2 protein chains.
Amino acid sequence: MDGVGIVTTRFYEWSQCLHLESGAHLGPLTIAYETYGELNAAGNNAILVLHALTGNAHIAGRNFPDERYPGWWDPLVGPGRALDTRRYFIVCANVLGSCYGTTGPASINPATGKPYGMDFPAITIRDMVRAQKILLDYLGVKRLVAAIGGSMGGMQVLEWGFLYPQMLDAIIPIATCGRTTPMQIAFHHVQREAIYADPDWQGGNYYGTAGPRRGLALARQIGIITYKSDPSWNMKFGRNLVDPRKYFQLEGQFEVESYLAYQGRKLVDRFDANSYLYLTKAVDLHDVSQGRGNYNEVWRDFPCPCLGIGISSDFLFPPYQVQEIVRMINDSGGHARYAEIDSPYGHDAFLIEFNQLAAIIQPFLKELRPDLAA
Amino acid sequence: MDGVGIVTTRFYEWSQCLHLESGAHLGPLTIAYETYGELNAAGNNAILVLHALTGNAHIAGRNFPDERYPGWWDPLVGPGRALDTRRYFIVCANVLGSCYGTTGPASINPATGKPYGMDFPAITIRDMVRAQKILLDYLGVKRLVAAIGGSMGGMQVLEWGFLYPQMLDAIIPIATCGRTTPMQIAFHHVQREAIYADPDWQGGNYYGTAGPRRGLALARQIGIITYKSDPSWNMKFGRNLVDPRKYFQLEGQFEVESYLAYQGRKLVDRFDANSYLYLTKAVDLHDVSQGRGNYNEVWRDFPCPCLGIGISSDFLFPPYQVQEIVRMINDSGGHARYAEIDSPYGHDAFLIEFNQLAAIIQPFLKELRPDLAA
């Protein structure tokens, strides 16, 4: 059989309150997740996959037979694939603050009986990781072969290494950084502004209405630009026009423009604008040195082996940022190595270049845990 | 005396109609301009400076004694400076479609007695150049030592080389391209969308009201990000916070965010939103091969010597784009050379790195026209 077939998204209801990094409390929590493969008796063959900004727990297979596309990392997950379900128990959970089943701003606030909206507390990458730890405890996972993910997922990977190193054989951060840069924050800032500026956002109390469709679509369009690259746009669109007869009209469009508009509309149909605000903010707050001391020194005695993966054409998370993590871990006496995806696709390459990812990840995982036979 | 002192913006009223590249006609025209130095008797010592998207004709000196800042290229223009006013007659005109005195969407449409708004015809880089030619004819300029400018200014420089080569000793395009790429178009697209999405834009008929302040400010903020660079943001702001007590609040801001907001507000106070739409569109339509044949072949017999200047850290107009122009001119039998500004400041470096610009431009100009003594 190819791939993992039909999978079901499950929901773990946790009746307690999570103490957030901000000091606030949030609970009870629902955590949406999917698993693939079987947990072994020792509970030590799990791999945790962490998703990016608008991602979800559905990384592989289909939730129903005629689902149009399989999960977002499908080519990497399944029998014989890099994340081999004959060998590993794969887990992915929708992050805290998102809108794919895990508690977020669109969830009902038990204190009011209405959606949280902007009463949802600010959450951080560490909060996401703590929620995942609660889920893994529930699932009986004692040890992770690896935590792996790209972009915001890679930030969670790093925080896993700081918060629960004793539980990990290794971390695999991809196309990410140890702390977000002002340029990344700037790009998120304008995306949030696009949502805030939409009158239909209504201070975040738009549930039951259409909501800030235009603002969220614009935010997404800005985001999409940062996930691509100059060469990938050139290859895909060049200067092709939608309608050459409208060349000299303000409303005339190049194909790249109608593509962006399409991508904007597509996100609006599947994502919550307030979640977009909270998750981009969580990314902006990401800094592994926050509350831990000097950024250059926190990697001292970082106990997790690390395989950092960069993307050659990524201008949002340039390769130097992953290289920097690897260098600082090694300079601090740890064990890290670097691999690079050679791709014209920019930041998005971690969702595209499956063959290169598999060739980098698969041997590393086997080397880590030769005891886990298929 | 330092610099050019007090200068006056002048206005040339041209009573005819300009035949635009689109086929439309526009007129009468007002062209706002400034000049520095004296035109010689032969009318052949002029240098034309072309400004960028939100620029204007005021490149040097002050328009009134206590004007806070001098013109935008002041360190390059004056007695003994790279554009030496003892030697050259320097001209800069506000481009067609802008809002600094030259006819644009905010100007009165003689057919209606009201501002053009979106009835203003689409204009192109070539239309801007043709309007400049009308002004130079009026001023008695027979020959340009050079046309020089960065970004959108560099596009006009290239079109000068194509449209009026017999009038030029050389062209100096800076941080620009022979045709805009889909990534550049994409960034302009989201900026225009930000304006269109603002209800106060009112289909462009906002004159007499506050207008789309929030939309234009957002457009500017997006633009500003593309004019800077990852290293320049790091140097300037790092992860500094406006108010550390608001760290865990959605409305808490990093300094880079309040800087962007400030830059957005600043542009709103000085620029017209419809001009922003028309000028970004003109840039998107920029393609020196439009109507002239194959992009790689139009440089054949390009008769103008060319000094192309790139900026090392520019990700909006990467250095390869200027290098490409230089290579194609040389491959076609022309005479071009390349110089690079080594700077962390990104696209903006052509408005910052005056010493490097002077060191590149000054000897080139002297070599071009040794007959012009100071």
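Quick notes on the rules
- Residues numbered from 1 in each chain as written.
- Chains lettered and ligands numbered in written order.
- Predicted model: local features only at pLDDT ≥ 70, side-chain atom pairs only at ≥ 80, totals over all residues.
- Heavy atoms only, no water.
- Core = buried A, V, L, I, M, F, W, Y, C linked by side-chain atoms within 4.5 Å.
- Buried < 20%, exposed > 50% of the residue type's maximum accessible area, 1.4 Å probe, protein only.
- Contact = heavy atoms within 4.5 Å.
- Pairing = 2+ DSSP bridges.
- Helix = DSSP H or I, 4+ residues; strand = E, 2+ residues; numbered from the N terminus.
- Axes fitted to C-alpha atoms, helices over the stretch in contact; angles between N-to-C directions.
- UniProt positions renumbered as here; feature names shortened; annotations may be inferred.
- Polar contact = N/O pair within 3.5 Å; in protein donor to acceptor, adjacent residues only side chain to side chain.
- Salt bridge = Lys/Arg side-chain N within 4 Å of Asp/Glu carboxyl O.
- Buried area = accessible area lost by both parts, 1.4 Å probe.
- Least-squares fit on C-alpha atoms with pLDDT ≥ 70 in both.
- Domains from an automatic or database assignment.
- Nonpolar A, V, L, I, M, F, W, Y, C, P; charged D, E, K, R; others polar.

## Observations regarding the nonpolar core
Ranked by internal contacts, the top residues of the largest apolar core, which has 190 residues, are Trp160 and Trp299 of chain A together with Trp160 and Trp299 of chain B. If sequence neighbours within four positions are ignored, Trp160 of chain B has contacts with Leu48, Leu50, Val129, Gln132, Lys133, Leu136, Leu144, Ala147, Pro165, Met167 and Leu168 of chain B.

## A word on the sheet that holds strand E8 (residues 89-93) of chain B
All names here are of chain B. In spatial order, the strands read E1-E4-E8-E5-E11-E12-E13-E14; together these 8 strands make up an open sheet with mixed pairing. The open sheet is flanked by strand E1 (10-14) and strand E14 (336-341), the only strands paired with a single partner. Along the sheet, successive strands turn relative to each other by an average axial angle of 20°, direction set aside. Pairing of strand E13 (residues 306-311) with E14, which is carried by 6 bridges, proceeds in the parallel orientation. What sits directly across from Gly310, in E14, is Glu340.

## Section: the UniProt feature "domain: AB hydrolase-1" (unreviewed entry) in chain A
Residues given the UniProt feature "domain: AB hydrolase-1" (unreviewed entry) here are residues 45-351 of chain A. With 34% helix and 13% strand, the stretch residues 45-351 of chain A has end C-alpha atoms that lie 24 Å from each other.

## Side note on the side chain of Asp169 of chain B
Positionally, Asp169 of chain B belongs in the loop between helix H2 (152-163) and strand E12 (171-174). A polar side-chain atom of Asp169 of chain B sits 2.7 Å from a polar atom in the side chain of Arg369 of chain B.

## Observations regarding the pattern of salt bridges
Taken as a whole and assessed by the stated rule, the structure comprises 34 salt bridges over all chains. Between Arg292 of chain A and Glu159 of chain A there is a salt bridge whose closest N-O contact spans 2.8 Å. Here the residue Arg292 of chain A occupies a position in the loop between helix H7 (273-285) and strand E13 (306-311), and Glu159 of chain A occupies one in helix H2 (residues 152-163), the gap between them amounting to 133 residues. In this structure Arg292 of chain A comes out as partly exposed when scored by relative accessible area, which is 29%. Between Asp137 of chain B and Lys133 of chain B there is a salt bridge, with the nearest N and O atoms lying 3.0 Å from each other. Of the two residues, Asp137 of chain B and Lys133 of chain B are both situated in helix H1 (residues 125-139); the distance of 4 residues between them amounts to about one turn of the helix.

## Quick word on unusual backbone geometry
Backbone torsion omega between Gly27 of chain A and Pro28 of chain A reads -5°, so that peptide bond is classified as cis. By the element assignment, Pro28 of chain A lies in the loop between strand E3 (25-26) and strand E4 (29-36). In the Ramachandran plot, Gln202 of chain A falls in the positive-phi region, its phi being about 50° despite a non-glycine side chain. Within the secondary structure layout, Gln202 of chain A lies in the loop between helix H3 (182-196) and helix H4 (213-227). Non-glycine residue Ala175 of chain B carries a positive phi angle of around 45°. The topology assignment puts Ala175 of chain B in the loop between E12 and helix H3 (182-196). Owing to a relative accessible area of 0%, Ala175 of chain B belongs among the buried residues under this scheme.

## Quick notes on the interface of chain A and chain B
Each side of the interface is counted separately: chain A has 54 residues, and chain B has 55 residues. Contact between chain A and chain B buries roughly 4800 Å² in total, counting both sides, with carbon and sulfur atoms accounting for 67%. Linking chain A with chain B are 4 salt bridges. Across the chain A-chain B interface, the total number found is 22 residue pairs in polar contact (both at pLDDT 80 or more). It is H3 of chain A that contributes the most residues to the side of chain A that touches chain B, 11 residues altogether.

## Focus on the relation of the copies chain A and chain B
If you rotate chain A by 180° and push it 0.0 Å along the axis, it lands on chain B with an RMSD of 0.0 Å. Overall, the copies show the geometry of a two-fold rotation axis. When the interface residues of chain A are mapped onto chain B, 100% of them again lie at the interface, so the same face is used by both copies.

## Comments concerning the domain arrangement of chain A
All names here are of chain A. The domain architecture assigned to chain A consists of domain 1 (10-181 + 288-368) and domain 2 (185-280). Distance between the C-alpha centres of domain 1 and domain 2: 26 Å. In this complex, domain 1 contributes 30 residues to the contact, which on the side of domain 2 involves 27 residues. Here domain 1 and domain 2 share an interface that buries about 2300 Å² over both sides, 66% of which is from carbon and sulfur atoms. When the buried area of domain 1 at its contact with domain 2 is split by residue, Leu53, Thr54 and Met118 rank highest and sum to 27% of it. Our enumeration of links across domain 1 and domain 2 arrives at 1 salt bridge. One salt bridge connects Asp348 with Lys228, and the closest N-O pair in it is separated by 3.0 Å. Taken together, the links from domain 1 to domain 2 amount to 11 residue pairs in polar contact (both at pLDDT 80 or more). Of the residues contributing to the side of domain 1 that touches domain 2, the split by class is 19 nonpolar, 9 polar and 2 charged.

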